[in-house]
Amino acid sequence: MGLKGRDFLSVADLEAGELLLLLEEASSFKQSLREGNLRRSLQGKLVALIFQKPSTRTRVSFEAAVHHLGGHPIPLLASDLQLGRGETIADTGRVLSRYVQAITLRTFAQREVEELAEAAEVPVINALTDLEHPCQILADLLTVKEHFGELRGLSLTYLGDGNNVANSLALGCALAGMSYTAACPPGHDPDAAVLAHARALGGEESVRVVEDPREAVSGAQVLYTDVWTSMGQEEDPVKLRKMRPYQINRKLLDAASPEVVVLHCLPAHRGEEITDEAIDGPRSLVWEQAENRVHAQAALLHLLVGE
Ligand code: CP
Ligand code: NVA
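Along each chain, residues carry numbers from 1 onward, in the same order as the chain's sequence is written. Both sets of labels track the order of writing: A upward for chains, 1 upward for ligands. The model is predicted, so local features are restricted to residues of pLDDT at least 70 and side-chain atom pairs to those at 80 or more, both for listing and for counting; the totals for chains, interfaces and linings are taken over all residues. To obtain the side-chain values, all non-hydrogen atoms of the structure were included, while hydrogens and water were left out.

Draft legend 1. Seen up close, the sheet that holds strand β8 (residues 222-225). Strand order in the open sheet made by the 5 strands is β7-β6-β5-β8-β9, with parallel pairing throughout. Edge positions in the sheet fall to β7 (207-210) and β9 (261-264), since each has one partner strand and no second. Between one strand axis and the next, the sheet turns by 20° as a mean value, whatever way the strands run. Note that strand β5 (residues 155-159) and strand β6 (residues 179-183) share 5 bridges and pair parallel. The residue bridging Leu 156 from the neighbouring strand is Tyr 180, located in β6. The contact rule is simple, with two residues in contact once any of their heavy atoms fall within 4.5 Å. Here an angle of 0 to 180 degrees is reported between the N-to-C directions of two axes, which are lines fitted to C-alpha atoms, with helices fitted over the stretch in contact. Each helix is a run of H or I in the DSSP string that is no shorter than four residues. Each strand is a run of E no shorter than two, and both are numbered from the N terminus. Sitting on the sheet, helix α7 (residues 192-202) is in contact with β6 and β7, with an inclination near 140° to β7. Paired strands, in this sense, are two strands between which DSSP finds at least two bridges.

Draft legend 2. Main features of the sheet that holds strand β2 (residues 72-77). The strand order across the open sheet built from 4 strands is β2-β1-β3-β4, with neighbouring strands paired in parallel fashion. Every other strand in the sheet has two partners, leaving β2 and β4 (124-126) as the edge strands with one partner each. Across this sheet, the average inter-strand angle for adjacent strands is 20°, counted without regard to direction. Strand direction decides the pairing type here: strand β3 (residues 102-106) and β4, joined by 3 bridges, are parallel. Across the sheet, Thr 104 pairs through a bridge with Ile 125, a residue of β4. Helix α2 (residues 57-68) contacts β1 (46-51), β2, β3 and β4 of the sheet and is inclined by roughly 160° relative to β2.

Draft legend 3. How the structure looks around helix α6 (residues 164-176). Under the 1.5 Å per step criterion, the end-to-end length of α6 is 18 Å for 13 residues, consistent within 8% with the ideal 18 Å. Per-residue accessibility, obtained with a 1.4 Å probe over protein chains only, is compared with the maximum for each type, and a residue is labelled buried under 20%, exposed over 50%, and partly exposed between these values. Taking burial as the measure, the 13 residues of α6 include 13 buried ones, the bulk of the element. The span you would expect from a helix comes to 1.5 Å times its residue count less one.

Draft legend 4. Geometry of the site of ligand 1. Close to ligand 1 lie Ser 55, Thr 56, Arg 57, Thr 58, Arg 106, His 133, Gln 136, Cys 265, Leu 266 and Arg 293, which account for all nearby residues. Whenever a nitrogen or oxygen atom comes within 3.5 Å of another N or O atom, the pair is scored as a polar contact, on the condition that within protein one atom can donate a hydrogen and the other can accept it, and that pairs from neighbouring residues in sequence are kept only if both atoms are in side chains. Separating an oxygen atom of ligand 1 from a side-chain N or O atom of Thr 58 is a distance of 2.7 Å. Note on areas: Shrake-Rupley, 1.4 Å probe, and residue coverage restricted to the protein chains presented here. Look at ligand 1: alone it shows 250 Å² of surface, and the protein chains cover 95% of it. For this scheme, ten residues count as nonpolar: Ala, Val, Leu, Ile, Met, Phe, Trp, Tyr, Cys and Pro. Four count as charged, namely Asp, Glu, Lys and Arg, and the remainder, Gly too, count as polar. Here the residues of the shell around ligand 1 sort into 2 nonpolar, 5 polar and 3 charged. Residues are classed as near a molecule or strand on a simple rule: at least one heavy atom within 4 Å of it.

Draft legend 5. Spotlight on the packing of aromatic side chains. Aromatic pairing here means that ring centres of Phe, Tyr or Trp (its six-membered ring) are within 6.5 Å. Orientation follows from the plane angle: under 30 degrees is stacked, over 60 is edge-to-face, and everything else is tilted. In this structure the tally under the stated criterion is 1 aromatic pair. Seen from their ring centres, Tyr 158 and Tyr 224 are 6.0 Å apart, and the 35° between their planes marks the pair as tilted. Here Tyr 158 is found in strand β5, whereas its partner Tyr 224 is found in strand β8, with 66 residues between them in sequence. For the pair shown, Tyr 158 and Tyr 224 are each scored as buried.

Draft legend 6. Examining the pattern of salt bridges more closely. For this document, the term salt bridge refers to a Lys or Arg side-chain nitrogen within 4 Å of an Asp or Glu carboxyl oxygen. In total, this model carries 18 salt bridges according to the counting rule given. Between Glu 291 and Arg 34 there is a salt bridge, and its shortest N-O distance comes to 2.7 Å. Pair noted here: Glu 291 is in helix α12 (residues 286-305) and Arg 34 is in helix α1 (residues 16-35), with a separation of 257 residues, a long-range link. Salt-bridge contacts for Glu 307 lead to Lys 45; the nearest nitrogen and oxygen are separated by 2.8 Å. Residue Glu 307 is found in the segment after α12, and its partner Lys 45 is found in the loop between α1 and β1; the two are separated by 262 residues along the sequence. Among the residues examined, Glu 307 registers a relative accessible area of 70% and is labelled exposed. Taking the relative accessible area as the measure of exposure, Lys 45 reaches 13% and is therefore buried. Three or more residues joined by partner-sharing salt bridges are found here, namely Arg 111, Glu 114, Glu 115 and Glu 118.

Any functional reading would require information beyond the geometric quantities listed.
So, in structure tokens, the structure goes:
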């Protein structure tokens, strides 16, 4: 086992033991940060953060994590780079590898992070593509582990659009020994190949896709939702109508177990996929989850490129 020098393009790049190691490292980083007792394992190292889509959490939490570890983040909007004028992602990666010790990329096609990783000589981290959002899932699983003590055996239900977050969650749950149910309207399931991969990792029974949101929440310890229109997609009124029964609201929470907690990767479209009452209510772990992005990514950077 060893993550040093590796890329992190998909949750499935990790083995189960590596995921647990990352989560333990994240908890220990969180503790050190609170005690003011930080390890400076990125001292003297530079991390380029490239964004082809907007970001609040991913950008600021990566910048914060690099600072906390003693390194220097270089945030780059693709529109300011020659990338925005047609230079290839591979050439960008070849050049940046001469300047920095790691590169994160938020973009559209998964192929783009793969091409960057093939060309770059330093670790490449997927900071969200249309297919996956693996860094988010590290923070999500950390949040669930902190709350329940352990992950194995828990059930998570994702409601709404079967998007990048839903895909990465399926893989994360499978690796962690959790059951995963996606409740989505017809035509909006998570990616079929990703679900097949998750079943191969976690077992056929551990991954379910259902249409009925009430059936999906029964027995779950964690409810999770995300926006109905992801970045880069056109708002589609027909799709939004089909999503309505999947909103996390008081009625759906009443149908879930009393111990259920609510997660959302944010940004939230309050009143669409989640009500104010649910996101601001006592079952919500959403703000802890957002904080945990820093700790999870610090652990990731430490293990991939730290001294
Ligand atoms: N959850 C998340 O990735 O948020 P941002 O789009 O703000 O980075
Ligand atoms: N599914 C959302 C996640 C945002 C963090 C999107 O891709 O826009």
